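Chain by chain, the residues:
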Amino acid sequence: MPAVIAIQLLSRVSTSGANNLFQFLYLLSACVSIAIMLLLIRFDSPWRHIERLISVSGLVASPTFDSRRPIHRLALLLLIFALAVLYWRWSAEDVLQVLFDAYATTEGALLNLTMNTTLYVLLALLGVGWLVHRNWTNSSERLGLRFPTRMDSLVGIALGCILYLGVSLLTLVWQSMAPASSFEWQAAARQIFDSFSSSLFLGALLALLAAVGEETLFRGALQPVFGVVIVSLFFTAIHLQYASSPAVAIVFVVSLAFGLARAWLSTTAAIISHFVYNMIPFLLASLA
C-alpha cells in the first residue's frame, strides 16, 4: 500500500509540480499517509496509542477496536490507504468535474450509484466475517440491520426531517453572508439531483441506495470498531465535493447524527434517517 501511494505521488509531482495550495495539501497528505502506514506496519508500540485515541471517540458507545487483532489493524490501514488514494488522485477542481461526468445522465448516475452501493455493502459484509465465521443472520446482527421497529421508523423519520430543516436554514444564512464562489459544491449536488428528479421513483431510488450503502459500511461495519467521531471524520472525507467548502462541517454534523441513531437504536434507524434526509428535496420538487 505505501508503495502504490509512493508511485502515484511521484507521478503527481512530475505532472503537476504541486503549483497550488490544494495540490500541495494533497501531496502532503500522501506523504503523511506513507509515513503512518510504514510506521504502523513496522512497529507495535504506535498501535497502543491509536487504541487509546479510538477508545475516547465513541461518544455513547465504547469502540471495540483491539490493536492486537490483525483484522482491526488491517481495517485501519485500508482506511488510511483509501483516503490517500482519493486525495492524491483529484484536486479540488477535478472532483467537481468527475462528479459532473459520472452523473451527467440518469443511466450513468444510476449505474455509478448502484456500483458504489454494492461495493459498500460487500465490504461491510466481508469486513464482519460473512461466509468466514459468521452466517447471514449473525452478520446482519453485527451490522445492526433488522426489520424496522416502530422506534426505528419514528426516530429515523423525525431525525431526517430535523437534519434537513437545520441544514437548509444554515445554508440560507451562509448564502446571505458568503460570496457566490463559496457554493461551487452546490453545482455537483444539483447535477446529481437533476439526474434523478425526472420522477419521484428515481429520487427515492437514489435516496435509498445512498442510505443503504453508506450506512451499512460506515455505521454498520466501521462504527462499532472505530467509534462515532472517527467514522464521521472518514465519512466526511469521502465527500470530496465539499473539500474546499465550509459545507464539510455540515456533513460532519449530519454524520454524527446518523452515528448516534446507530448507537442508540440500530443501523436500520440510521438508514431511515439518511433516506428521509435525501428524499425530502425530491418530495418538495414533486409538490412544487
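You'll find the structure just up there.
Residues numbered from 1 in each chain as written. Predicted model: local features only at pLDDT ≥ 70, side-chain atom pairs only at ≥ 80, totals over all residues. Heavy atoms only, no water.

A. Quick look at the side chain of Thr236. Topologically, Thr236 is positioned in helix α11 (residues 228-237). In terms of polar contacts, Thr236 uses its side chain to reach the backbone carbonyl oxygen of Ser232, at 2.7 Å. Ignoring anything within four residues of it in the chain, the contact list for Thr236 reads Val248, Val251 and Phe252. (Helix = DSSP H or I, 4+ residues; strand = E, 2+ residues; numbered from the N terminus. Polar contact = N/O pair within 3.5 Å; in protein donor to acceptor, adjacent residues only side chain to side chain. Contact = heavy atoms within 4.5 Å.)

B. Geometry of the pattern of salt bridges. For the structure on display, the rule yields four salt bridges. Measuring nitrogen to oxygen at the nearest pair gives 3.1 Å for the salt bridge that ties Arg68 to Asp66. Since its relative accessible area comes to 17%, Asp66 is described here as buried. (Salt bridge = Lys/Arg side-chain N within 4 Å of Asp/Glu carboxyl O. Buried < 20%, exposed > 50% of the residue type's maximum accessible area, 1.4 Å probe, protein only.)

C. Expanded view of the nonpolar core. Formed by 33 residues in total, the largest nonpolar core has its most connected members in Phe65, Leu76 and Phe226. When residues of this core are traced back to their parent elements, those giving at least two are α2 (21-42), α3 (45-55), α4 (70-89), α6 (106-127), α10 (200-226) and α11. Excluding its chain neighbours within four sequence positions, the residues that come into contact with Leu76 are Leu40, Trp47, Ile50, Phe65 and Phe226. (Core = buried A, V, L, I, M, F, W, Y, C linked by side-chain atoms within 4.5 Å.)

D. Looking closely at the packing of α11 against helix α12 (residues 247-264). At a minimum axis distance of 9 Å, the contact between α11 and α12 shows a crossing angle of 135 degrees. Classified by the interaxial angle, the pair formed by α11 and α12 is oblique. For the pair α11 and α12, the sense of crossing is right-handed. For the pair formed by α11 and α12, the contact residues are Val228, Val229, Ser232, Leu233, Phe235 and Thr236 on the first element and Val248, Val251, Phe252, Ser255, Leu256 and Gly259 on the second. Here the contact of α11 with α12 is composed, by residue class, of eight nonpolar, four polar and no charged. (Axes fitted to C-alpha atoms, helices over the stretch in contact; angles between N-to-C directions. Parallel < 35°, antiparallel > 145°, perpendicular 65-115°, else oblique. Left-handed = near helix turned anticlockwise from the far one by under 90°. Nonpolar A, V, L, I, M, F, W, Y, C, P; charged D, E, K, R; others polar.)

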